[in-house]
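# Fold and geometry: a report
What follows is each chain in one-letter form.
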Amino acid sequence: MPPIVVRDPLAAKRSGKTPSTVVQSRPNRPGTPPAGTASAAKASSLPSQGLFSPRVSRPQVVYLTGQLAVMVQTGISLANALEGIRRQEKNPTLKRVLGELGEALERGESFSTALARFPRIFDRTYVAVVKAAEVSGSLGPMLERLALSLRKSHETRARIRAALAYPVTMLLMAVAVCVFLLAYVMPRFTPLFQSRGASLPTPTKIVLAISEAITTWWYLWIGLVAVIVIGGIIAQRNPSGKRWLDAVKLNLPVVGGVLRKFAVCQSVRTLGTLLSGGVTMLEALRLTAEAVGNAQYEALWQKVEQEITVGKKLSECLGESSLVPPTVLQMIAAGEETGKLADVLLRLADYLEADVDIATKTATSLMEPILIGVMGLIVGTIGLAVLLPIFSLSRPM
């Protein structure tokens, strides 16, 4: 079918063409190469972001998606919407990306094909939802739903990070204070204790031994920290190492429960958004596994994808794992029975999001007094180790 030709003066002016007509983007049929293949291939070789260009943040992608949804649903063509947003965009990287997206539409590419050229900004889940919306002809509503899903996911992740920032800061401060006391304060008292020749209390001997080990072998301690950090980075990039690290995170006291709830919430929301957009179940499961961000849950969704192909229900597949709570399994089973799985998953994601907020606040309230108590105990022990021999030396012989 030939491309639809519409009058679009803004796009014609931007492309430098004198005719008053330009090609409006439409989804390509399966197996049919998009128009302008040579120019599209040349453009796709461009880097998604420059080396020193500012990054496109997640909130900017959410705001862009919401703007496109509103403009498309009000009747503005997609090319004009991209051009209008590009003119007022201040981020040079995003502005360039919007310009290239508009040029791709003029060449006859589908919007999803153009988005796929920028995987660092628009992930595969984003592209799949847009592609399904193009086929069904519901791009505006699906962009709105996608923007809502992205915003809620980003807000939940931001709340977890903000809630855990204070305990992590307290822990780092406790370590810094201990190192300062052991490496700087304690060595100042060592000559005093040695000059008197008195017998030192056991706590003082232990603290002095630790202090001597830090000051004498300081380069070994720095090397140990460097090895741990580098080893963690390498393990995170290795599939088996990432699975082990993610398993450790999920089993951490207090924090592990929050991470489990967040992974389930993220999975359910992604799957619900994809299914509601018309993506097939197998493709939705594949993209959910990629988007969950935890290797344990990624393996779970990959296993579910394999079992779905042999005729099992989604709730049956998930019920074989301990990573999914029974309440979630019951609601998924109810959605399968009523034929409204996508709607149930989106409602379930809202419920899980509230549950994650409660769990995060509870975990924070538990960690704060524990960290304060541990920090006070360590500092108090070091202070006691310093004061005990001073008191014994100050006594009259």
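Scroll up for the structure.
Reference entry: report on the structure contained in this document.

Cut-off values and rules
- Residues numbered from 1 in each chain as written.
- Predicted model: local features only at pLDDT ≥ 70, side-chain atom pairs only at ≥ 80, totals over all residues.
- Heavy atoms only, no water.
- Helix = DSSP H or I, 4+ residues; strand = E, 2+ residues; numbered from the N terminus.
- Buried < 20%, exposed > 50% of the residue type's maximum accessible area, 1.4 Å probe, protein only.
- Contact = heavy atoms within 4.5 Å.
- Areas by Shrake-Rupley, 256 points an atom, 1.4 Å probe, with all protein chains shown as cover.
- Patch = residues over 30% accessible without salt bridge, like charges linked within 9 Å, V, L, I, M, F, W, Y side chains within 5 Å.
- Salt bridge = Lys/Arg side-chain N within 4 Å of Asp/Glu carboxyl O.
- Expected span 1.5 Å × (residues − 1).
- Polar contact = N/O pair within 3.5 Å; in protein donor to acceptor, adjacent residues only side chain to side chain.
- Axes fitted to C-alpha atoms, helices over the stretch in contact; angles between N-to-C directions.
- Parallel < 35°, antiparallel > 145°, perpendicular 65-115°, else oblique.
- Nonpolar A, V, L, I, M, F, W, Y, C, P; charged D, E, K, R; others polar.
- Phe/Tyr/Trp six-rings, centres within 6.5 Å; stacked < 30°, edge-to-face > 60°.
- Lys NZ or Arg CZ within 6 Å of the ring centre and 35° of its normal.
- Left-handed = near helix turned anticlockwise from the far one by under 90°.

### Thoughts on the overall build of the protein
In terms of regular secondary structure, the protein is built from 17 helices and two strands. For the protein, the proportion of its 397 residues judged to be buried stands at 39%. Taking the intrachain contacts of the protein between residues at least 6 apart in sequence as the baseline, contacts between residues at least 24 apart amount to 64%. Surface summary for the protein: the accessible area is close to 22,000 Å², and the carbon and sulfur share equals 65%.

### Focus: the environment of I160
If you trace the backbone, I160 turns up in helix α8 (residues 139-196). Separated by 199 residues in the primary sequence, I160 and A359 place their C-alpha atoms 9.6 Å from one another. With sequence-adjacent residues up to four places away left out, I160 is seen in contact with V258, F262, V356 and T360.

### Some words on a nonpolar patch on the surface
A cluster of nonpolar side chains, namely W217, W218, Y219, L220, W221, I222, L224 and I228, defines an oily patch on the protein surface of about 900 Å² accessible area. If you trace the backbone, W218 turns up in helix α10 (residues 218-237).

### Here's the deal with the pattern of salt bridges
Across all of its chains, the model carries 20 salt bridges by this definition. With a closest N to O distance of 2.9 Å, K152 and D350 form a salt bridge. Taken together, the positions of K152 in helix α8 and D350 in helix α17 (residues 341-394) put the pair 198 residues apart, joining distant regions of the chain. For K152, a relative accessible area of 17% gives the class buried. Notably, a salt bridge pairs E320 with K303, separated by 4.0 Å at the nearest N-O pair. Of this pair, E320 sits in the loop between α15 (314-319) and α16 (326-338) while K303 is found in helix α14 (residues 295-308), placing the two residues 17 residues apart along the sequence. Residue classification places K303 among the partly exposed positions, given a relative accessible area of 41%.

### Things to note about helix α12 (residues 255-276)
Its 22 residues give α12 an end-to-end C-alpha distance of 32 Å, which sits within 8% of 32 Å, the value for a rise of 1.5 Å per residue. Summarising burial for α12: 17 of the 22 residues are buried, a large majority. G278 sits one or two residues past α12 and shows a positive phi near 95°.

### Details of the side chain of E353
By the element assignment, E353 lies in helix α17. A polar contact is formed between the side chain of E353 and the side chain of R269, at a distance of 3.0 Å. Ignoring any residue separated from it by four or fewer positions in sequence, one finds E353 in contact with K152, T156, R159, C265 and R269.

### Quick notes on helix α13 (residues 281-291)
Taken together, the buried positions of α13 are A284, L285, L287, T288 and A289. On its buried face, α13 sits against α7 (124-136), α12, α14 and α15. In the stretch just after α13, G293 is the one whose phi turns positive, near 85°.

### Here we look at the packing of α10 against helix α11 (residues 239-250)
The N-to-C vectors of α10 and α11 enclose an angle of 105°; their axes lie 5 Å apart at closest approach. Our classification of the angle between α10 and α11 gives roughly perpendicular. Where α10 approaches α11, its residues G232, A235, Q236 and R237 are matched on the opposing element by P239, G241, K242, L245 and K249. Class assignment for the residues of the contact of α10 with α11 results in three nonpolar, three polar and three charged.

### Re the side chain of D246
Within the element layout of this structure, D246 appears in helix α11. Among residues more than four places away in sequence, those in contact with D246 are G293, N294, A295 and Q296.

### Looking at the packing of aromatic side chains
This structure, assessed with the given rule, holds four aromatic pairs. When the centroid spacing of 6.3 Å and the interplanar angle of 65° are considered together, the rings of W217 and Y219 count as edge-to-face. W217 gets classed as partly exposed once you look at its relative accessible area, which sits at 44%. By relative accessible area, which is 42% here, Y219 ends up partly exposed. The ring centre of Y184 lies 4.2 Å from the NZ or CZ of R188, which sits over that ring.

### Comments concerning unusual backbone geometry
Even without a glycine there, the phi angle at V254 is positive, about 70°. Overall, V254 belongs to the partly exposed group, its relative accessible area being 33%.

### Section: the packing of α13 against α14
At a minimum axis separation of 8 Å, α13 and α14 run at an interaxial angle of 165°. On the basis of the axis angle, α13 is roughly antiparallel to α14. Between α13 and α14 lies a crossing of left-handed hand. Between α13, through M281, L282, L285, R286, T288 and A289, and α14, the contact on the second element is made entirely by E298, W301, Q302, V304, E305 and I308.

### Some points on the environment of A247
Within the secondary structure, A247 is located in helix α11. According to the relative accessible area criterion, A247 is partly exposed, its value standing at 23%. Placed 47 residues apart in sequence, A247 and N294 show a C-alpha to C-alpha distance of 8.7 Å.

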